[in-house]
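Examination of the molecular architecture
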Amino acid sequence: MTDKLLKLAETKRERVKAGVARRRAKEKRFRFYGIASISMAFAFLIVLMTTIFSEGYTAFFTTEIELQVDLSPEALGIDGDETDPKVLMGASFRKVLRQSLREEIAVDGRKQRRALYSFISNGAEYDLRDKVMADPSLIGQTITYWAQAGDNFNQYNKGNIKASTPEDGRQFKNLQIEWYDELKKEDRVRTVFNTKFFTNGDSRDPELAGIWGATVGSFYTLLVTLVLSFPIGVAAAIYLEEFAPRNRATELIEININNLAAVPSIVFGLLGLAVFLNVADLPRSAPVVGGLVLTLMTLPTIIISSRAAIKAVPPSVRDAALGVGASKMQMVLHHVLPLAMPGMLTGTIIGMAQALGETAPLLMIGMVAFIVDVPSGPLDAATALPVQIYLWAENPEKGFVENTSGAIMVLLAFLALMNACAVIMRKRLERRW
């Protein structure tokens, strides 16, 4: 009998050991799957960022060609006061640039001249005009001028167009490559920082297109969003958390707020199209309309985060304020709100970062239009940075491909900065009880 009990106990111990071994094996597999998932996600992120950076960093640089430009009145076709801005505005700066190119490289025939003229950007003549208007004493001189290169020349110099590609498959032809090599050999080609990418608005020419107009449009859009969504969201959170009665109506409102946070953003765009444009007749493509649409989209996020911050304030703070004679409104405004404000600001910044990256709702209200001018206010026609990226991505030119990736890098930098501000603000302002 004793031997049977010992064997039974030994069998049970073996079963327990086997069960423990199986559980530990499952834990190890679970840890392995978790680490593998994180590693795979991190690897995909690295591949994505590497691809964007490798294609986009060249947008921050541009190519210039050194030319000896004759600025004599005869060459410019000036007949009148050489210091008069109106006279200089009508001068033939394009003609003198093309003449200087022909003096550097001999061409034969109209086709070759057109191929040679494409070496110079359409904006080079306006840059030269501005330079002369700023210093009219240059009239009558032959100056050394670094002209901005055209897109194909620029892309070939950066290596985005390969000479190894068959001639039929590239826009920069063999004859143009020979001319490029000749200029390069004479040290007349240089690469400089592309300030126009950060100071210009959109353009049909990739080498002239910039993100400044879209950046200003995004600024006005987010400004309207912040001015409207933050006070409304905080006020709604305070009312629901501190003053609203607990009944079915309040529960229905809370459920709808949580549901609105998961609604696709394009639905808010459709709502903005129907209400703000068709009914209210607000200007199409204006940042104020984009801000109103993004306010509707951001409000649920701000309300939810603000309510969570209010709930995190200990009840003892409320009891102490009421105990010394403060009214409920004074308790909320003087005690609860200041303590909950770090969490509210954090949620607001995260909501703003989400709004900055939205494209679909802005497309629905017409901010997809081609806008060259930089908006001077929230009522002017404008586009936003994500929409600008979308517009450039549709263009097949090599220059717009690198501009797209470069703009994505700038947008990601803004998003990272906003999220970093949210983390820093929470760390510095939050209080622990």
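Here goes a summary of the coordinates provided. Values in this document were obtained by computation on a predicted structure and should not be read as measured data.

Calculation notes
- Sequence order as written defines the numbering, with residues in each chain counted from 1.
- The predicted nature of this model means local features are confined to residues of pLDDT at least 70 and side-chain atom pairs, given and counted, to a pLDDT of 80 or more, with totals for whole chains, interfaces and linings taken over all residues.
- The basis for the side-chain values is all heavy atoms of the structure; hydrogens and waters are excluded.
- In this scheme, patches are assembled from residues that exceed 30% relative accessible area and form no salt bridge. Like charges are connected within 9 Å, while nonpolar side chains (Val, Leu, Ile, Met, Phe, Trp, Tyr) are connected within 5 Å.
- Per-residue accessibility takes into account occlusion by the displayed protein chains alone, with areas from the Shrake-Rupley method and a 1.4 Å probe.
- Salt bridges are identified by distance alone: a Lys or Arg side-chain nitrogen within 4 Å of an Asp or Glu carboxyl oxygen.
- The way it works is that DSSP assigns letters per residue, a run of H or I at least four long becomes a helix, a run of E at least two long becomes a strand, and they are numbered from the N terminus.
- Between N-to-C directions, angles span 0 to 180 degrees; the directions come from axes that are lines fitted to C-alpha atoms, helices contributing only their stretch in contact.
- Roughly parallel means an angle under 35 degrees; roughly antiparallel means over 145; roughly perpendicular covers 65 to 115; every other angle is labelled oblique.
- By convention, the crossing between two helices is left-handed when the near helix turns anticlockwise from the far helix through less than a right angle, and right-handed when the turn is clockwise.
- In what follows, a contact means two residues having at least one pair of non-hydrogen atoms within 4.5 Å.
- Basically, the charged four are Asp, Glu, Lys and Arg, the nonpolar ten are Ala, Val, Leu, Ile, Met, Phe, Trp, Tyr, Cys and Pro, and anything else, Gly included, counts as polar.
- Two aromatic rings, drawn from Phe, Tyr or Trp (for Trp, its six-membered ring), form a pair once their centres lie within 6.5 Å of each other, and the interplanar angle then sorts them: stacked below 30 degrees, edge-to-face above 60, tilted otherwise.
- Burial here depends on accessible area, computed with a 1.4 Å probe over protein chains only, as a share of the maximum for the residue type. Under 20% is buried, over 50% is exposed, and the range in between is partly exposed.
- Here, a charge over a ring is recorded when the distance from Lys NZ or Arg CZ to the ring centre is within 6 Å and its angle to the ring normal is within 35 degrees.
- As used in this structure description, the phrase polar contact means that two N or O atoms lie within 3.5 Å; if the pair is within protein, one of them must be able to donate a hydrogen and the other to accept it, and residues adjacent in sequence are counted only when both atoms belong to side chains.

Attention shifts here to a nonpolar patch on the surface. Side chains of Phe-42, Leu-45, Ile-46, Leu-48, Met-49 and Leu-412 sit close together on the surface and give an oily, nonpolar patch of about 530 Å² of accessible area. Broken down by element, the residue count for the nonpolar patch peaks at 5 residues, all from helix α1 (residues 2-56). Here Leu-45 is to be found in helix α1.

The next subject is the packing of helix α5 (residues 110-117) against helix α8 (residues 174-185). The relative placement of two packed helices comes down to the angle between their axes together with the axis-to-axis distance. Their axes nearest at 10 Å, the elements α5 and α8 cross at an angle of 55°. For the element pair α5 / α8, the angle class is oblique. Considering only the axes of α5 and α8, their crossing is right-handed. Seen from α5, the contacting residues are Gln-112, Ala-115 and Leu-116; seen from α8, they are Leu-175, Gln-176 and Trp-179. Its residues assigned to classes, the contact of α5 with α8 comprises 4 nonpolar, 2 polar and no charged.

Our focus in this paragraph is the environment of Leu-240. Looking at the secondary structure, you find Leu-240 in helix α10 (residues 212-243). Distance from Leu-240 to Ile-253, taken between C-alpha atoms, is 9.0 Å for residues 13 residues apart in sequence. Excluding residues that lie within four positions of it along the chain, Leu-240 makes contacts with Arg-246, Thr-250, Ile-253, Ile-257, Ile-303 and Arg-307.

Under the criterion given, the structure shown has 17 aromatic pairs. With a centroid separation of 5.2 Å and 65° between ring planes, the pair formed by Phe-153 and Tyr-180 is classed as edge-to-face. Of this pair, Phe-153 sits in helix α7 (residues 151-158) while Tyr-180 sits in helix α8; the two residues are 27 residues apart in sequence, bridging distant segments of the chain. By relative accessible area, Phe-153 is classed as buried at 0%. By way of ring pairs, the aromatic residues Phe-60, Phe-61, Phe-193, Phe-197, Phe-198, Trp-392 and Phe-400 are connected into one cluster. The ring of Phe-370 has Arg-204 sitting right over it, with the charged end atom 3.9 Å from the ring centre.

Quick look at the side chain of Thr-298 now. Residue placement: Thr-298 occurs in helix α13 (residues 287-311). Among the polar contacts made by the side chain of Thr-298, one reaches the main-chain carbonyl oxygen of Leu-294 at a distance of 2.6 Å. Sequence-distant contacts of Thr-298, defined by excluding residues within four places in its chain, comprise Thr-225, Gly-351, Met-352 and Ala-355.

Keep in mind that these numbers describe shape and distance, not what the molecule does.
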